[in-house]
Amino acid sequence: MPDVLLRAENLTKHFPVKEGRFGKQRSRVHALDGIELSVYRNEILGIVGESGCGKSTLARVLLNLIEPTAGTVSFDGVNLQGLTRRQMREQRREMQLVFQDPFSSLDPRKTVRSLIAEPLDIHRVGTPQERTKRASELMETVGLSRSYLNRYPHEFSGGQRQRIGIARALALRPKLIVCDEPVSALDVSVQAQIINLLQDLQQQFGLTYLFIAHGLDVVRHISDRIAVMYLGKLVEIGPADTIFTASRHPYTCALISAMPKFELNPSSNPLPLKGEIPSPIHPPAGCRFHTRCPFAQERCRREEPALTPQDEHHSFACHFPLPAEAETGVRPAVHA
Amino acid sequence: MKKLWKDPSSAFCLSFLLLITLLALLAPLLTPYRYDQIAADPLLGASWSHLFGTDEIGRDIFTRIVYAGQVSLLVGLCSTLIALLFGVVLGLVSGYYGGALDALISRFLDGLLAFPSIILALAVMAVLGPNIYNAMLAIGLVSVPIFARITRGSVLTMKSREFVEASRSMGAGDGRIMFGVILPNSLSPLLVQFSLTFASAVLIEAGLSFLGLGVQPPTPSWGSMLNAAKSYLTISPLYSIVAGAAVFLTVLCLNLLGDSLRDHLDPRMNKRR
């Protein structure tokens, strides 16, 4: 049994929204519904899904930046929901967040030195001189010149800013770093550099990543395991190879077929998705994917499929999963 | 700051305010008289020995204007600082925590804003009794809601910014987030308001002194000098003009400075230029 660092049980988050003329009718956005998830120590777990499926909410609930409506998160055996505010602040040393947008996640009035040393300042690690020294070491670690220490974030490019964000996340030597779409705001040419940097750092410091992205192509390269989300639900989770070559959930297959790829003869049948992602305020009954699923049947509209393990590592939530073998013709060809 | 000096109107305002401040600070060196010294016959016109003439009991008006500047600027500065301090704290707390606390603070401030500021200051002075410290408190209290509202507004926009969430995710406490992250990013509107409130504080102080509720004689104040001068408007018009001009120019310059600060600090205004 692998060593579990972070475990989410029945994690649910509903945001109340006011509707109607006087805001009397209260509805709820079902951002997360009953998520069961384990993150193993030293692994990179990729999480993918379309915009609005609850990925970023998941990241924030796992870090207890947002209180879950129901369910618990335990980190290294500690139940985060049971902690006092003070204990939780202390706990944050071990778990850091890298943001999607490096332009808005860095305080424009702070120098790089104080940005990177901010976590050290907050937790009063070392003397101010030691913090500055650590900040300049970290800059080198993430591939920035030490001479930039006294510059302001607006003087940097997007990729450099994201490196600052990563250095800041590393400062306290955390066990877990949650990367919330760390490259989707960057130029394609810079994306690869940042992903490689994250991968190097993971090996160098023995980190655990929860790596969120909206497309499979980004997580494919970096992840040990991949979890696929749809409308607040986990629909499939398994080792990266399995997800790409033997996924069973139609939604996962649709995501894979939506990946841009170079082919001489586009023989494989893509699995097209109809329509838009439904509103999370009124999620469809039964399987949440049935409104867009090409294989949906009567049972899918009535009964919600549970996430069931296929084998030790691979689980999916579907009544009529695609065949495990890849010769049906429906499954898109995937070139490794 | 350099940009301000390049703009002619704000350069004029800055130089005038600097001049007034210097005159007030260096008052004892600039004039041979004391502000309560009867130096010559009453109601003399301008002359080399009495630059602006003398007042109704023969005190040098220039000396009194300069010393009154000390009082006016000091009251203006201190009351604005009081307003800034309380306003910022109230605004930060109500914007950051929201909910019932926000509602309570906001309604309280609405209540304060419902009164015309000079009336409220008058009422407070009537209760506390007229002296210079109570004047600072009263004028400060009157200006608290403006600062609180401005701060609350910027807290509400800043609170949802990602770098604030970033600080929280690193384990920063509420105090650190409010004073270390949100406040430094909300400084420019506060700076503008500081200048504007300073102007209105000088004006209210003059008003209170005019009505005899501010600084007590023989300490001079621009307001009380105006009050005394109005009886001799026909005999010695210079007396009224000088006292009035001191208030008028100081307030005008502070207001103009506030406006150009806003123009220079607000990026949206910059684009339009």
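Rules used in this analysis
Residues numbered from 1 in each chain as written. Chains lettered and ligands numbered in written order. Predicted model: local features only at pLDDT ≥ 70, side-chain atom pairs only at ≥ 80, totals over all residues. Heavy atoms only, no water. Helix = DSSP H or I, 4+ residues; strand = E, 2+ residues; numbered from the N terminus. Buried < 20%, exposed > 50% of the residue type's maximum accessible area, 1.4 Å probe, protein only. Contact = heavy atoms within 4.5 Å. Areas by Shrake-Rupley, 256 points an atom, 1.4 Å probe, with all protein chains shown as cover. Lys, Arg positive; Asp, Glu negative; His and termini not counted. Charge placed at Lys NZ, Arg CZ, Asp CG, Glu CD. Pairing = 2+ DSSP bridges. Axes fitted to C-alpha atoms, helices over the stretch in contact; angles between N-to-C directions. Patch = residues over 30% accessible without salt bridge, like charges linked within 9 Å, V, L, I, M, F, W, Y side chains within 5 Å. Salt bridge = Lys/Arg side-chain N within 4 Å of Asp/Glu carboxyl O. pLDDT = per-residue confidence, 0-100. Phe/Tyr/Trp six-rings, centres within 6.5 Å; stacked < 30°, edge-to-face > 60°. Buried area = accessible area lost by both parts, 1.4 Å probe.

1. Some thoughts on the overall build of chain B
For chain B, the count of helices and strands is 13 helices and zero strands. Reading chain B from its N terminus to its C terminus gives the helix and strand order α-α-α-α-α-α-α-α-α-α-α-α-α. With the C-alpha coordinates of chain B rotated into their principal frame, the extents come out at 75 × 45 × 30 Å. Going through the 273 residues of chain B one by one, you find that 49% of them count as buried. In chain B, once contacts between residues fewer than 6 apart in sequence are set aside, the share between residues at least 24 apart is 67%. Taken as a whole, chain B presents about 12900 Å² of accessible surface, with 71% of it coming from carbon and sulfur. Side-chain charges in chain B split into 19 positive and 15 negative, and the spacing between the mean points of these groups amounts to 9 Å.

2. Some words on the sheet that holds strand β12 (residues 315-316) of chain A
Residue and element names in this part refer to chain A. In space, the eight strands of this open sheet follow the order β6-β7-β8-β3-β9-β10-β12-β11, with mixed pairing throughout. Both outer strands of the open sheet, β6 (95-98) and β11 (308-309), are each paired with one neighbouring strand and no more. Bridging between strand β9 (residues 225-230) and strand β10 (residues 233-239) involves six bridges; their strand directions are antiparallel. Its bridge partner lying in β10, valine 228 is registered against glutamate 236. Most of the contacts of helix α1 (residues 55-62) go to strand β8 (residues 208-213), to which it runs at about 155°, and overall it touches β3 (44-48), β6, β7 (176-180), β8 and β9. Each of β6 and β7 touches helix α5 (residues 158-170); the most contacted strand, β6, lies at about 175° to it.

3. Some thoughts on unusual backbone geometry
Residue and element names in this part refer to chain A. At asparagine 42, a residue that is not glycine, the phi angle is positive and equals roughly 65°. The residue asparagine 42 is located in the loop between β2 (25-40) and β3 in this model. One non-glycine residue, aspartate 76, adopts positive backbone phi at about 55°. Mapped onto the elements of the fold, aspartate 76 is located in the loop between β4 (70-75) and β5 (78-79). Assessed through its relative accessible area of 29%, aspartate 76 is described here as partly exposed.

4. Considering a nonpolar patch on the surface
Residue and element names in this part refer to chain B. On the surface, Leu22, Leu25, Leu26, Leu29 and Leu30 cluster together into a nonpolar patch covering about 510 Å² of accessible area. If you list the elements that add at least two residues to the nonpolar patch, you get α2 (8-25) and α3 (27-30). Mapped onto the fold, leucine 26 is located in the loop between α2 and α3. Judged by its relative accessible area of 37%, leucine 26 falls in the partly exposed class.

5. Some words on the environment of A:Thr242
Residues and elements named next belong to chain A. With respect to the helices, strands and loops of the structure, threonine 242 is situated in helix α8 (residues 240-246). The spacing of threonine 242 and isoleucine 226 is 16 residues in sequence and 9.1 Å in space, taken between C-alpha atoms. Leave out the neighbours within four places in its chain, and threonine 242 touches Ser247 and His314.

6. Focus: the confidence of the model for chain B
Residues and elements named next belong to chain B. The predicted model of chain B has a mean per-residue pLDDT of 86, with 96% of residues at 70 or higher. Overall, residues 269-273 carries pLDDT values under 50, and its contacts beyond four positions in sequence, including any with other chains, amount to six contacts. Taken over the whole predicted complex, pTM reads 0.81, whereas the ipTM for its chain interfaces reads 0.82.

7. So, the packing of aromatic side chains
Scanning all chains against the criterion turns up six aromatic pairs over all chains. Seen in terms of ring centroids, A:Tyr251 and A:Phe289 are 5.1 Å apart; in terms of plane orientation they differ by 65°. Their pairing is edge-to-face. Of the two residues, A:Tyr251 sits in helix α9 (residues 250-257) while A:Phe289 sits in the loop between α9 and α10 (298-302), which places them 38 residues apart along the sequence. Taking relative accessible area as the criterion, A:Tyr251 reaches 0% and is therefore assigned buried. Look at A:Phe289 and you get buried, because its relative accessible area is 2%. Between B:Phe194 and B:Phe198 the ring centres are 6.3 Å apart and the planes differ by 85°, which places this aromatic pair in the edge-to-face class.

8. Some details on the interface of chain B and chain A
Taken residue by residue, the interface counts 18 residues in chain B and 23 residues in chain A. Of the roughly 1900 Å² buried between chain B and chain A on both sides combined, carbon and sulfur atoms contribute 49%. Together, B:Glu162, B:Ser169 and B:Met170 form the three largest contributors to the area buried by chain B at its contact with chain A, with a combined 35%. In this structure, the connection of chain B to chain A is made through two salt bridges.

9. Examining the environment of A:Leu32
All names here are of chain A. Residue position: leucine 32 is located in strand β2. The buried category is assigned to leucine 32, whose relative accessible area is 0%. C-alpha of leucine 32 to C-alpha of phenylalanine 15: the two residues are 17 residues apart in sequence and 9.5 Å apart in space. Contacts of leucine 32, omitting those with residues within four sequence positions, involve Leu11, Thr12, Lys13, His14, Gly54, Thr57, Leu58, Val61, Met229 and Gly232.

10. With respect to the pairing of β3(A)
Residue and element names in this part refer to chain A. Counting buried positions along β3 yields five of five residues, so the element is predominantly enclosed. Neither face of β3 is exposed, since Ile44, Gly46 and Val48 on one face and Leu45 and Ile47 on the opposite face are all buried. Across five bridges, the pairing between β3 and β8 is parallel. When the bridges of β8 are listed, isoleucine 44 appears paired with tyrosine 209. Inspection of the sheet shows β3 paired to β9 by four bridges, in the parallel sense. Across the sheet, the residue bridging to isoleucine 47 is alanine 227, located in β9.

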